[in-house]
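Report on the structure
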Amino acid sequence: MGREGESQGAGSPGVPGEEPPDCRLERLPSYSPDLNPVEVGWSWLKYGKLSNFVPTDVSHLDELLLEHLIALKCDPGLLRRLWDESDLSFPTHNVRHPGQPADQ
């Protein structure tokens, strides 16, 4: 338990019921892999990129996974296509970036 006024978790707001102005709370079922774009990404890796891969050891697997994840991070088009494969709709609301005036 935290002290009064402290945040109770990573990224949780300090005041219960309040959200930061640039965030939106999405209520999801407790188990919903179809709504989780990360599951699609892991499937892309497991059944696509690494389908016939046999690592020599765990560090070899780790090295290749990191290589593919970094490449994925740098490919916004592929990230969006993988997101679109999930049943969760892509957020379309305008997000105000730090330092950006509210009217833009």
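Before reading on, note that the structure itself is shown above.
Residues numbered from 1 in each chain as written. Predicted model: local features only at pLDDT ≥ 70, side-chain atom pairs only at ≥ 80, totals over all residues. Heavy atoms only, no water.

**Examining helix α1 (residues 37-49)**
Here α1 is 13 residues long and its end C-alpha atoms lie 17 Å apart, about the 18 Å a rise of 1.5 Å per residue gives. Buried within α1 we find Pro-37, Val-40, Gly-41 and Leu-45. End-on view of α1: buried residues confined to an arc of 140°, all on one side of the axis. Set apart from the buried face of α1 by more than 90 degrees, the exposed residues are Lys-46 and Tyr-47. (Helix = DSSP H or I, 4+ residues; strand = E, 2+ residues; numbered from the N terminus. Expected span 1.5 Å × (residues − 1). Buried < 20%, exposed > 50% of the residue type's maximum accessible area, 1.4 Å probe, protein only. Arc of directions from axis to C-beta.)

**Notes on the packing of aromatic side chains**
How two aromatic rings sit relative to each other is set out by the distance from centre to centre and by the angle between their planes. A full pass over the atoms with the stated rule returns 1 aromatic pair. The ring of Phe-90 carries Arg-80 above its face, with NZ or CZ at 3.8 Å from the centroid. (Phe/Tyr/Trp six-rings, centres within 6.5 Å; stacked < 30°, edge-to-face > 60°. Lys NZ or Arg CZ within 6 Å of the ring centre and 35° of its normal.)

**Some remarks on helix α2 (residues 58-73)**
The end-to-end C-alpha distance of α2 is 22 Å, a good match for the 22 Å that 16 residues give at a rise of 1.5 Å each. Turning to α2, its buried residues are Leu-64, Leu-65, His-68 and Leu-72. For α2, the angular spread of buried residues about the axis comes to 100°, placing them on one side. Turned more than 90 degrees away from the buried face of α2, the exposed residues are Glu-63, Ile-70 and Lys-73. Contacts made by the buried residues of α2 are with α1 and α3 (76-85). (Contact = heavy atoms within 4.5 Å.)

**Looking at the packing of α1 against α3**
Two quantities define a packed helix pair, namely the angle between the axes and the distance from one axis to the other. At a minimum axis separation of 8 Å, α1 and α3 run at an interaxial angle of 115°. Judged on the interaxial angle alone, α3 and α1 are roughly perpendicular. Here α1 runs over α3; the crossing is right-handed. Taking contact as the criterion, the partners of Pro-37, Val-40, Gly-41 and Trp-44 in α1 are, on α3, Leu-78, Leu-82, Trp-83 and Glu-85. Across the contact of α1 with α3, the residue classes break down as 6 nonpolar, 1 polar and 1 charged. (Axes fitted to C-alpha atoms, helices over the stretch in contact; angles between N-to-C directions. Parallel < 35°, antiparallel > 145°, perpendicular 65-115°, else oblique. Left-handed = near helix turned anticlockwise from the far one by under 90°. Nonpolar A, V, L, I, M, F, W, Y, C, P; charged D, E, K, R; others polar.)

All we've got here are geometric facts, nothing functional implied.
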